Amino acid sequence: MDFWDVIKERKSYRNFSSQPVEQEKIIKVLEAARLAPSWQNRQCWRFVVVQDKEKIKKIGTLNPFTLNINFFLRKVPVIIVACANPKDSGHRHGLDYFLVDTAIAMEHIILAATDLDLATCWIGAFDEKMIKDVLEIPDEIRVVALTPLGYAAQKQSIVDKVSKIVAKGAKRKPLEDIAYFDKWQKSSH
Ligand SMILES: Cc1cc2nc3c(=O)[nH]c(=O)nc-3n(C[C@H](O)[C@H](O)[C@H](O)COP(=O)(O)O)c2cc1C
């Protein structure tokens, strides 16, 4: 896919078909993460690829008390769990770079997946403790984000439709609202 097609085609999917994901495609998206930039090239990220159906079901169990609200995950073919050891990255000006490093690598995964006609959805609302228990992730490691990985179902689900409404139809702000030139001031570019 052309670079701009990848950028434009990527969107959050919340309804997946049961079609399995080819192992070569999983390896390819992980390779995209491996090549991402990171603080002092420390590569603090680690990715857990979950394909075990029972574990996927547990990760997708609805629990509003722990903010585990993305129950559409229980039926996806693959979940990639992006983790990091904060000690393997840096801090500057109060910013924790393990979050930055891992977010960049995760976006590489998401864009590579789009290029391979796979669907993803960045997941920020999850129960970290439960996921760490299910996947036997050590205490010192943080779970930064998840994404389902698979083929999009033909139809949008109710969850998809509701999420779109909550997210204001996934509309973006105009460029003049988000990009300033030479000083912090809205321009007419
Ligand atoms: C940090 C972050 C956390 C997110 N958490 C969730 C989530 O928990 N559940 C979900 O369905 N979508 C989640 N999203 C997806 C956003 O809702 C989505 O990217 C946004 O509405 C724009 O829509 P689009 O991705 O289809 O362009 C998250 C996205 C980001 C970047």
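Bear in mind that the values here come from a model prediction, so they are computed numbers and not experimental data.

(A) Inspection of the overall build of the protein chain at higher detail. Summing up its helical and strand segments, the protein chain has seven helices and five strands in all. Compactness check: the protein chain gives a C-alpha radius of gyration of 18 Å against a globular reference of 16 Å for 189 residues, within 12% of the reference. Overall, the C-alpha framework of the protein chain stretches about 55 × 40 × 35 Å when taken along its three principal axes. Among the 189 residues that make up the protein chain, the fraction classed as buried is 40%. Taking the contacts inside the protein chain whose residues are at least 6 apart along the sequence as the reference set, 74% of them involve residues at least 24 apart. Surface summary for the protein chain: the accessible area is close to 12000 Å², and the carbon and sulfur share equals 56%. For the protein chain, the distance from the average site of its 29 positive side-chain charges to the average site of its 24 negative ones is 6 Å.

(B) Seen up close, a negative patch on the surface. Judged by side-chain charge, Asp 2, Asp 5, Glu 9, Asp 115 and Asp 117 come together as a negatively charged surface patch. Taking the relative accessible area as the measure of exposure, Glu 9 reaches 45% and is therefore partly exposed.

(C) The site of the ligand, seen in detail. The ligand sits among 13 residues. The nearest are Arg 10, Ser 12, Arg 14, Asn 70 and Arg 172. Here Asn 70 contributes a side-chain N or O atom positioned 2.8 Å from a nitrogen atom of the ligand. Split by residue class, the shell around the ligand holds six nonpolar, three polar and four charged.

(D) Geometry of unusual backbone geometry. Backbone geometry at Asp 117 places phi at a positive 65 degrees, although glycine is not the residue there. Mapped onto the elements, Asp 117 comes out in the loop between helix H4 (97-115) and helix H5 (128-135). In the Ramachandran plot, Asp 182 falls in the positive-phi region, its phi being about 70 degrees despite a non-glycine side chain. Here Asp 182 lies in the segment after helix H7 (175-178).

(E) Structural view of the environment of Val 76. One can find Val 76 in the loop between helix H3 (53-59) and strand S2 (78-84). Taking the C-alpha atoms as reference, Val 76 lies 23 Å from Ile 7; in sequence the two are 69 residues apart.

(F) Fine view of the nonpolar core. The biggest cluster of nonpolar side chains holds 26 residues, and the ones touching the most others in it are Val 29, Phe 47, Ile 80, Met 106, Ile 109, Leu 118 and Leu 149. For this core, the secondary-structure elements that each account for two or more residues are helix H2 (23-34), strand S1 (45-50), S2, H4 and strand S5 (142-149). Here this core gets seven residues from one element, more than from any other, and that element is H4. Not counting chain neighbours up to four residues away, the residues in contact with Ile 109 comprise Val 29, Leu 30, Ala 33, Phe 47 and Ile 80. By size, the runner-up hydrophobic cluster in this structure holds 22 residues, among which are Val 76, Cys 121, Ile 137 and Ile 141.

(G) Seen up close, the packing of aromatic side chains. Across all of its chains, the model carries two aromatic pairs by this definition. Look at Tyr 180 and Trp 184: their rings are 4.7 Å apart centre to centre, the planes differ by 80 degrees, and that puts the pair in the edge-to-face class. When its relative accessible area of 78% is taken as the criterion, Trp 184 is described as exposed.

Cut-off values and rules
Residues numbered from 1 in each chain as written. Predicted model: local features only at pLDDT ≥ 70, side-chain atom pairs only at ≥ 80, totals over all residues. Heavy atoms only, no water. Helix = DSSP H or I, 4+ residues; strand = E, 2+ residues; numbered from the N terminus. Rg over C-alpha atoms; globule rule 2.2 N^0.38 Å. Buried < 20%, exposed > 50% of the residue type's maximum accessible area, 1.4 Å probe, protein only. Contact = heavy atoms within 4.5 Å. Areas by Shrake-Rupley, 256 points an atom, 1.4 Å probe, with all protein chains shown as cover. Lys, Arg positive; Asp, Glu negative; His and termini not counted. Charge placed at Lys NZ, Arg CZ, Asp CG, Glu CD. Patch = residues over 30% accessible without salt bridge, like charges linked within 9 Å, V, L, I, M, F, W, Y side chains within 5 Å. Salt bridge = Lys/Arg side-chain N within 4 Å of Asp/Glu carboxyl O. Near = heavy atom within 4 Å. Polar contact = N/O pair within 3.5 Å; in protein donor to acceptor, adjacent residues only side chain to side chain. Nonpolar A, V, L, I, M, F, W, Y, C, P; charged D, E, K, R; others polar. Core = buried A, V, L, I, M, F, W, Y, C linked by side-chain atoms within 4.5 Å. Phe/Tyr/Trp six-rings, centres within 6.5 Å; stacked < 30°, edge-to-face > 60°.

Honestly, that's just the spatial picture; any functional story needs more than this.
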